[in-house]
Amino acid sequence: ATSAQVAPNASENISVDITAPSNVKAGTYKIPVIATTGSTSAQLEFEVVITGSYRIELTTPQGLLSKDITAGDTRKLELVVLNTGSAELKDIQLSANKPIDWEVSFEPSKLDRLAPGDKANVTAVLKAFPGDYVTKITARAPEADTTTDFRISVKTPMITGWIGVVVILAALGAVYYLFRKYGRR
């Protein structure tokens, strides 16, 4: 209120609305309220406690949510955990909803704390089988969590193709040898 009419020896109620910006840091803030007239004034101080907002994001350094890897090999997927809230996140656990027979581990597997606006690099170590998969990776703190879908295309190793070519050539060579040795009888 910018003004109010108050009769002598009377009181008047006013309300004060306080709206904090969405990116304000967690903490205690003092807000003074002053009422003045031509001859006197009074002051009251409100104390507002902002607990902060909790938000977490999970992505990669380049922002790409797909990866091509070779089957059988252990591959590393670089991840970034971001605290996009205004309060500190503690005890962040990483997990993966993975296809059957996959092996997924995280280095580190847990983040003790992440300050507002900070990020932490995490490596997902994958061992997978050929195919095209969507894997859900979750970063979970007690206050917030996020799940990101990663498309992972697992190719067969190049050596497998070469072994197949050698086996076919060996079979053709054996048939040729048999025809040369025994002919048409």
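Remember, predicted model here, so these are calculated numbers, not experimental data.

Draft legend 1. Representation of the pairing of strand β6 (residues 89-97) in the model. In the sheet, β6 pairs with strand β8 (residues 110-114) via four bridges, with the strands oriented antiparallel. Pairing of Lys-90 across the sheet is with Arg-113, part of β8. Alignment of β6 against strand β10 (residues 131-140), held across five bridges, turns out to be antiparallel. Residue pairing across strands places Ala-96 opposite Ile-137, the latter belonging to β10.

Draft legend 2. Main features of the pairing of strand β1 (residues 27-36). In the sheet, β1 pairs with strand β2 (residues 41-50) via 10 bridges, with the strands oriented antiparallel. Directly across from Lys-30, in β2, lies its bridge partner Glu-47.

Draft legend 3. Spatial organisation of the nonpolar core. By size, the foremost hydrophobic cluster in this structure holds 25 residues, and its most contacted members are Leu-79, Val-81, Ile-92 and Phe-106. When contributions to this core are tallied by element, the ones reaching two or more residues are β3 (56-59), β5 (74-83), β6, β7 (103-107), β8, β9 (119-127), β10 and β11 (145-155). It is β9 that provides the largest number of residues to this core, a total of four residues. Among all residues touching Val-81, those that are not within four sequence positions of it are Ile-56, Glu-57, Leu-58, Leu-94, Leu-111, Leu-114, Asp-118, Lys-119, Ala-120 and Val-122.

Calculation notes
- Residues numbered from 1 in each chain as written.
- Predicted model: local features only at pLDDT ≥ 70, side-chain atom pairs only at ≥ 80, totals over all residues.
- Heavy atoms only, no water.
- Pairing = 2+ DSSP bridges.
- Helix = DSSP H or I, 4+ residues; strand = E, 2+ residues; numbered from the N terminus.
- Core = buried A, V, L, I, M, F, W, Y, C linked by side-chain atoms within 4.5 Å.
- Buried < 20%, exposed > 50% of the residue type's maximum accessible area, 1.4 Å probe, protein only.
- Contact = heavy atoms within 4.5 Å.

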